[in-house]
Amino acid sequence: MDVVQLQRQLVDYRASLYHEAFLDEQFTQLQELQDENNPDFVVEVVSLFFEDSERLLNELTKALEQQSIDFKRLDAHVHQLKGSSSSIGAQRVQKVCIAFRNDCEEQNVEGCLKCLQQVKHEYSLVKTKLETMFKLEQQILAAGGSVPM
């Protein structure tokens, strides 16, 4: 595949992530902070999001496995995940976290368990989509092209 085709594919793919509400304008703002002095800025920030999210998802899973659930602690973890997903523009993860926090407030164990599964699913989807986008960007650079914004 030539550079122009790869660039077109990237533009279309990125547009689909916005259209399907995986990403919002916060991701665009993140991209605008990247420049030639820090060309890996977005990848680095998103990688930190991945690490933090996986740690939080593990914490949430452990918290919901307890005999006596500490809903304040659970809510604090969900709040963190909501904040970090919001900061990179992972809109669908953020929206599930809002419902999750409501279930924490109501101490609704079944609702929390359902939201945990939903947030894991949405996180997994956005992670795969972003990794695919980053691979496309790398292919373009390796072929001697520039990544379109």
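See the structure shown above.
Bear in mind the structure is a predicted one, so any value in this text is a computation, not a measurement. (Residues numbered from 1 in each chain as written. Predicted model: local features only at pLDDT ≥ 70, side-chain atom pairs only at ≥ 80, totals over all residues. Heavy atoms only, no water.)

I tried to follow the packing of aromatic side chains on my own but got confused; where do I start?
Aromatic ring pairs are reported here in terms of the distance separating the ring centres and the angle at which the planes meet. Tallied over the entire structure, the rule returns three aromatic pairs. Ring geometry for Phe50 against Tyr123: centres 6.2 Å apart, planes inclined by 80 degrees, an arrangement best described as edge-to-face. Here Phe50 is found in helix H3 (residues 41-65), whereas its partner Tyr123 is found in helix H6 (residues 109-142), with 73 residues between them in sequence. No difference in accessibility class separates Phe50 from Tyr123, as the two residues are buried. Here the aromatic residues Phe49, Phe50 and Tyr123 are joined through ring pairs into a cluster of three or more. Here Arg92 stacks its cationic end above the ring of Phe22, 3.9 Å away from the centre of that ring. A cation over an aromatic ring shows up here: Lys127 above the ring of Phe50, its NZ or CZ 5.4 Å from the ring centre. (Phe/Tyr/Trp six-rings, centres within 6.5 Å; stacked < 30°, edge-to-face > 60°. Helix = DSSP H or I, 4+ residues; strand = E, 2+ residues; numbered from the N terminus. Buried < 20%, exposed > 50% of the residue type's maximum accessible area, 1.4 Å probe, protein only. Lys NZ or Arg CZ within 6 Å of the ring centre and 35° of its normal.)

When you look at the packing of H3 against H6 in this model, what are you seeing that I'm missing?
Two measures define how a pair of helices packs: the angle their axes make with one another and the distance between the axes. The N-to-C vectors of H3 and H6 enclose an angle of 160 degrees; their axes lie 11 Å apart at closest approach. The orientation of H3 relative to H6 falls into the category roughly antiparallel. Here H3 and H6 pass one another in a crossing that is left-handed. Contacts between H3 and H6 pair Val42, Val43, Val46, Phe49, Phe50, Ser53, Glu54, Leu57, Leu60, Thr61 and Leu64 from the former with Cys112, Leu113, Leu116, Val119, Lys120, Tyr123, Lys127, Leu130, Glu131 and Phe134 from the latter. By residue class, the composition of the contact of H3 with H6 is 15 nonpolar, two polar and four charged. (Axes fitted to C-alpha atoms, helices over the stretch in contact; angles between N-to-C directions. Parallel < 35°, antiparallel > 145°, perpendicular 65-115°, else oblique. Left-handed = near helix turned anticlockwise from the far one by under 90°. Contact = heavy atoms within 4.5 Å. Nonpolar A, V, L, I, M, F, W, Y, C, P; charged D, E, K, R; others polar.)

Would you mind showing me how to read the side chain of Glu137 here?
Inspection of the secondary structure assignment puts Glu137 in helix H6. When near neighbours in sequence (up to four residues on either side) are disregarded, Glu137 contacts Leu10, Arg14 and Val147.

Would you take a moment to explain the nonpolar core for this structure?
Most often, soluble globular proteins keep nonpolar side chains buried together rather than apart. One finds Val46, Leu74, Phe100, Val119 and Leu130 to be the most contacted residues of the largest nonpolar core, which totals 40 residues. A per-element tally of this core places H6 first, with 11 residues. Not counting the four nearest positions on each side in its chain, Leu74 is found in contact with Leu60, Ala63, Leu64, Ile69, Phe100, Cys104 and Cys112. (Core = buried A, V, L, I, M, F, W, Y, C linked by side-chain atoms within 4.5 Å.)

I'm lost on the pattern of salt bridges in this one. Help?
Two side chains that carry opposite charge are able to pair once their charged atoms sit near each other. Scanning the entire structure with this criterion turns up seven salt bridges. As a salt-bridge pair, Asp75 and Arg101 come within 2.8 Å of each other at their nearest N and O atoms. Placement of Asp75 in helix H4 (residues 71-88) and of Arg101 in helix H5 (residues 91-105) is noted, with a sequence separation of 26 residues between them. Taking relative accessible area as the criterion, Arg101 reaches 25% and is therefore assigned partly exposed. In this structure, Arg92 engages Glu122 in a salt bridge whose closest nitrogen and oxygen atoms are separated by 2.9 Å. (Salt bridge = Lys/Arg side-chain N within 4 Å of Asp/Glu carboxyl O.)

How should the side chain of Gln94 be read in this particular structure?
By the secondary structure assignment, Gln94 is in helix H5. The contacts of Gln94, once residues within four sequence positions are left out, are Asp24, Lys82, Ser85 and Ser86.

Explain helix H1 (residues 3-19) here, please?
Between its first and last C-alpha atoms H1 spans 24 Å; for 17 residues at 1.5 Å apiece the expected length is 24 Å, and the two agree. For H1, every residue scored as buried is listed here: Leu6, Leu10, Tyr13, Arg14 and Leu17. Burial along H1 is one-sided: seen end-on, the buried residues are contained in an arc of 100 degrees. Of the exposed residues in H1, the ones pointing more than 90 degrees away from its buried face are Arg8, Asp12 and His19. Residues of H1 that are buried make contact with helix H2 (25-32) and H6. Immediately beyond the C-terminal end of H1, within one or two residues, lies Ala21, with a positive phi of roughly 65 degrees. (Expected span 1.5 Å × (residues − 1). Arc of directions from axis to C-beta.)

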